[in-house]
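Summary of structural features
Read off the chains here:
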Amino acid sequence: MRKVNCFAKALLCLCILLAGGLVFAAKKNDKPKATKMPEWVNQASAVYPNASFITYVGSGPDRDSSEVKALQGLASVFGQAIKSESTASSRMVQAKADGLVATANVQAFSQDVKRKIDVDNLIGVETKEFWQDVPNATWYAIAVLEKSKAVDIYTTMIKKNASAISTVLKNAASDKASLDGFGSYDFAEDIALENEKSLQKLSVIDPSCVDSLKSYCPSSKKIHAEKMEIAKQIPICVQTYNDDHGRYKEAFSQAIAEAGFKGTYDASVRYTLIAKFEFERADTTDKKTIRCRYNCESYILDTKTSHQIVPFTIKGRESHVDYGEAQHKAEASMIAKIKKDFSKAFYDYIRSAAE
């Protein structure tokens, strides 16, 4: 009986040791296996020859960061790797969505990538391969642009945009000396800038194809000059209310000039800027400070269509122990804001209008 018990104990110990070994082996096998380093990590041109491809290898502690580094590196070939703070006008965004202005599909990239990198620099680009260096806990990614495919994409975009410019300017011809005509030329200028950017990228990808496409890229500077000539032909009458000394009328006239137009007191012209001003006194509870709230509501009236366009509002408050001084400060603030902000508000409105 004693021999049987000893044998059972020995068998139990053996089972425990085997089970422990299996658990250890399982844990060991859970670790990712190291693979041979691909040739492109150290010499991308050996896999993607420079004659046919533009490449950039990025690395990082994880797969996503390595991809972003690779794409940023390739995008920097075009002069801008990090996404600009400026955004396209709503008019341009809508035109691309409607298919009037050419755009390329970059849906393959994550939203994180699109937030960090200008998508215009990702046209024709692919993240071709990834590799994990297990011992050093590092990921590698290679971003690749195949030159021949990119040339085809940009050529198609440039030709489509050239057609769009022609269409926009043709549509403006019947009412050229108007804010609608001005807006059309402003839009054509934006599309021309898009084509110039595409042509600049092509000069990096394949300089030999640039000359054949120049005829499809009308000068944005020339269109801008024509646009400003149109502006000179569009006088805007300024009419203000609650403006005893004419200070606000003068401020709006200067702001109109800043936008490229000519202010006038001739009420027979097509466009009239109408502005109303209000002031309100408000005493603080301790009666030590008096506030003057101010408000300006304005718009441009198109007397031909009766449409109210370019709405512009400014408001705020100024304080002083004397109400007269508080109102004087409020008037100065309002005048400064008109001169500073109206021109931008005007162009923001023009560029938000659908073509």
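Here goes a summary of the coordinates provided. (Residues numbered from 1 in each chain as written. Predicted model: local features only at pLDDT ≥ 70, side-chain atom pairs only at ≥ 80, totals over all residues. Heavy atoms only, no water.)

Let us now look at the nonpolar core. Phe182, Phe252, Phe261, Ile300, Ile338, Phe342 and Phe346 are the most contacted members of the largest nonpolar core, which has 51 residues in total. Here this core takes 10 residues from helix H10 (residues 323-352), the largest share from any one element. If near-sequence neighbours (up to four positions away) are discounted, phenylalanine 182 is found in contact with Lys176, Lys227, Met228, Ile230, Ala231, Ile234, Phe261, Phe346 and Tyr347. In terms of nonpolar packing, the next biggest core, distinct from the first, is built from 31 residues, Ala70, Ile117, Ile123 and Ala141 among them. (Core = buried A, V, L, I, M, F, W, Y, C linked by side-chain atoms within 4.5 Å. Buried < 20%, exposed > 50% of the residue type's maximum accessible area, 1.4 Å probe, protein only. Helix = DSSP H or I, 4+ residues; strand = E, 2+ residues; numbered from the N terminus. Contact = heavy atoms within 4.5 Å.)

Another point: the packing of helix H4 (residues 90-98) against helix H7 (residues 179-205). What describes two packed helices is the angle between their axes and the distance between those same axes. Interhelical geometry of H4 versus H7 gives an angle of 70 degrees and a closest axis separation of 11 Å. The orientation of H4 with respect to H7, classified from their angle, is roughly perpendicular. The crossing of H4 and H7 is right-handed. Counted together, Arg91, Met92, Ala95 and Lys96 of H4 and Gly183, Asp186, Phe187, Asp190, Ile191 and Glu194 of H7 form the full contact between these two elements. (Axes fitted to C-alpha atoms, helices over the stretch in contact; angles between N-to-C directions. Parallel < 35°, antiparallel > 145°, perpendicular 65-115°, else oblique. Left-handed = near helix turned anticlockwise from the far one by under 90°.)

Regular strands place their side chains on alternate faces of the sheet. Where strand E4 (residues 235-241) lies against strand E6 (residues 271-283), six bridges are found, and the strand directions are parallel. Looking at the pairing, cysteine 237 lines up with threonine 272 of E6. In this structure, E6 lies alongside strand E7 (residues 290-302), joined through 13 bridges in antiparallel fashion. If you follow threonine 272 over to E7, its bridge partner there is leucine 301. Once E6 ends, the chain turns through six residues before running back antiparallel as E7, passing lysine 287 with a positive phi of about 65 degrees. (Pairing = 2+ DSSP bridges.)

It is possible for side chains of opposite charge to pair when their charged atoms get near one another. What the rule picks out here adds up to 18 salt bridges. Glutamate 189 is the salt-bridge partner of lysine 227, the closest N and O atoms lying 2.9 Å from each other. Placement of lysine 227 in helix H8 (residues 220-232) and of glutamate 189 in helix H7 is noted, with a sequence separation of 38 residues between them. Since its relative accessible area comes to 1%, lysine 227 is described here as buried. On the basis of relative accessibility, which here comes to 12%, the residue glutamate 189 falls in the buried class. One salt bridge connects aspartate 348 with lysine 344, and the closest N-O pair in it is separated by 2.7 Å. With aspartate 348 and lysine 344 both in helix H10, this residue pair falls four residues apart, about one helical turn. Classification of lysine 344 as exposed rests on a relative accessible area of 55%. (Salt bridge = Lys/Arg side-chain N within 4 Å of Asp/Glu carboxyl O.)

So, about the packing of aromatic side chains. Following the criterion strictly, the structure yields 14 aromatic pairs and no others. Aromatic side chains tyrosine 248 and phenylalanine 279 sit 6.5 Å apart centroid to centroid with 35 degrees between the ring planes, which places their arrangement in the tilted category. On the criterion of sequence distance, the pair formed by tyrosine 248 in helix H9 (residues 247-258) and phenylalanine 279 in strand E6 is long-range, its members being 31 residues apart. Taken together, a centroid distance of 6.4 Å and an interplanar angle of 50 degrees make the contact between phenylalanine 252 and phenylalanine 277 tilted. In this pair, phenylalanine 252 is assigned in helix H9 and phenylalanine 277 in strand E6, connecting sequence segments 25 residues apart. Taken individually, phenylalanine 252 and phenylalanine 277 each receive the classification buried, so the pair is uniform in this respect. Three or more aromatic residues joined by ring pairs make a cluster, and in this case those are Phe182, Tyr248, Phe252, Phe261, Phe277, Phe279, Phe312, Phe342, Phe346 and Tyr347. Over the aromatic face of phenylalanine 130 sits the side chain of arginine 63, whose NZ or CZ is 3.7 Å from the ring centroid. Sitting over the ring of tyrosine 265, lysine 249 keeps its end group 5.1 Å from the ring centre. (Phe/Tyr/Trp six-rings, centres within 6.5 Å; stacked < 30°, edge-to-face > 60°. Lys NZ or Arg CZ within 6 Å of the ring centre and 35° of its normal.)

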